[in-house]
Amino acid sequence: MNFKYPSIACLTLIFIVLSGCSSKKEIPKITTQEIGFYSTEKVNEGFALAIDIIFIYNPSITRSIEGLTARKWFKKKAQFLRDYPNALSVKSIQLVPGQLLSRVKVTEKQESAIASFVFANYYADGIHRSRIDQIKVPVIKLLEKKFTVGRETKRSNSWFSLF
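Here we summarise the structure given alongside this text. (Residues numbered from 1 in each chain as written. Predicted model: local features only at pLDDT ≥ 70, side-chain atom pairs only at ≥ 80, totals over all residues. Heavy atoms only, no water.)

### A word on the sheet that holds strand β6 (residues 129–131)
Consideration 1: Strand order in this open sheet of 4 strands is β3-β2-β5-β6, and the pairing throughout is antiparallel. One side of each edge strand has no neighbouring strand; the edge strands of this open sheet are β3 (88–95) and β6. Shown here is a sheet whose adjacent strand axes are inclined to one another by a mean of 15°, direction ignored.
Consideration 2: Direction of pairing for strand β2 (residues 49–56) relative to β3: antiparallel, over a ladder of 8 bridges. Residue pairing for β3: I54 is matched across the bridge by V90.
Consideration 3: Of the strands in this sheet, β2, β3 and β5 (115–120) are in contact with helix α3 (residues 70–83), which crosses β3 at around 130°. (Pairing = 2+ DSSP bridges. Helix = DSSP H or I, 4+ residues; strand = E, 2+ residues; numbered from the N terminus. Axes fitted to C-alpha atoms, helices over the stretch in contact; angles between N-to-C directions. Contact = heavy atoms within 4.5 Å.)

Shown next as structure tokens:
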């Protein structure tokens, strides 16, 4: 094949190759719609428990957050919010033992997050952090010295919306 204008053919080929490389990679959004809570009478050894649900909108800070223990998160939370005011949002809850708390609805803005975590500020040592963004309705079971995360299996009439 003999091109009359080889530089045009070469430029066209380069443009096609580069345009394929420059396409933005789609970042998956969270699938969580609401978060359920179940608390025991002895939660946090009988003391009030602070819980933060964190929604992350910028992938560059996800690794920083997922490497924190709950104790470190609560210590550094104010600084994270100052440093990244548009990159994350926090929904804070304070529970006392035996308090009835059922569901926290995920807002429209929070649905655009790319990651979400739950931190519980227990007195007991431990990580007390869990990533929940790929669970449609995570159920957080708050125990005496830790929490567990499960999936809702069926809708209960006793749940109500808190937020």
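There's plenty left to go through after this.
### Here's the deal with the packing of aromatic side chains
Consideration 1: All chains considered together, the criterion is met by 5 aromatic pairs.
Consideration 2: Summarising the aromatic geometry, the rings of W73 and F119 are spaced 5.5 Å apart at their centres and angled 20° between planes, so their arrangement reads as stacked. Here the residue W73 occupies a position in helix α3, and F119 occupies one in strand β5, the gap between them amounting to 46 residues.
Consideration 3: An aromatic cluster of three or more residues is present, and its members are W73, F80, Y84, F117 and F119. (Phe/Tyr/Trp six-rings, centres within 6.5 Å; stacked < 30°, edge-to-face > 60°.)

### Re the pattern of salt bridges
Consideration 1: According to the stated counting rule, one finds 6 salt bridges in the structure shown.
Consideration 2: Its salt-bridge partner being K77, residue D52 comes within 3.0 Å of it at the nearest N-O pair. Residue D52 is located in strand β2, and its partner K77 is located in helix α3; the two are separated by 25 residues in the primary sequence.
Consideration 3: Taking the relative accessible area as the measure of exposure, D52 reaches 1% and is therefore buried.
Consideration 4: The partner of R131 in a salt bridge is D133, with the nearest N and O atoms 2.5 Å apart.
Consideration 5: Under the relative-accessibility criterion, R131 is labelled partly exposed at 38%. (Salt bridge = Lys/Arg side-chain N within 4 Å of Asp/Glu carboxyl O. Buried < 20%, exposed > 50% of the residue type's maximum accessible area, 1.4 Å probe, protein only.)

### Re the nonpolar core
Consideration 1: Counting residues in hydrophobic clusters, the biggest one holds 22 residues, and the most contacted among them are F37, I51, I53, I93, I140 and L142.
Consideration 2: Residue assignment for this core shows that the elements contributing at least two residues are β1 (34–39), β2, β3, β5 and β7 (138–142).
Consideration 3: Top contributing element to this core by residue count: β2, with 4 residues.
Consideration 4: Among residues more than four places away in sequence, those in contact with I51 are F37, F74, K91, S92, I93, L95, V118, F119, A120 and L142.
Consideration 5: With 16 residues, the next largest nonpolar core counts A70, F80, L88 and I114 among its residues. (Core = buried A, V, L, I, M, F, W, Y, C linked by side-chain atoms within 4.5 Å.)

### A short note on the sheet that holds strand β8 (residues 147–151)
Consideration 1: Spatial strand order, β4-β1-β7-β8: 4 strands in an open sheet with mixed pairing. If you trace the sheet from one side to the other, it starts and ends with β4 (103–105) and β8, each paired once. On average, each strand axis in the sheet is tilted by 20° relative to the strand beside it, whichever way the strands run.
Consideration 2: In this structure, β1 lies alongside β4, joined through 3 bridges in antiparallel fashion. When the bridges of β4 are listed, G36 appears paired with R103.

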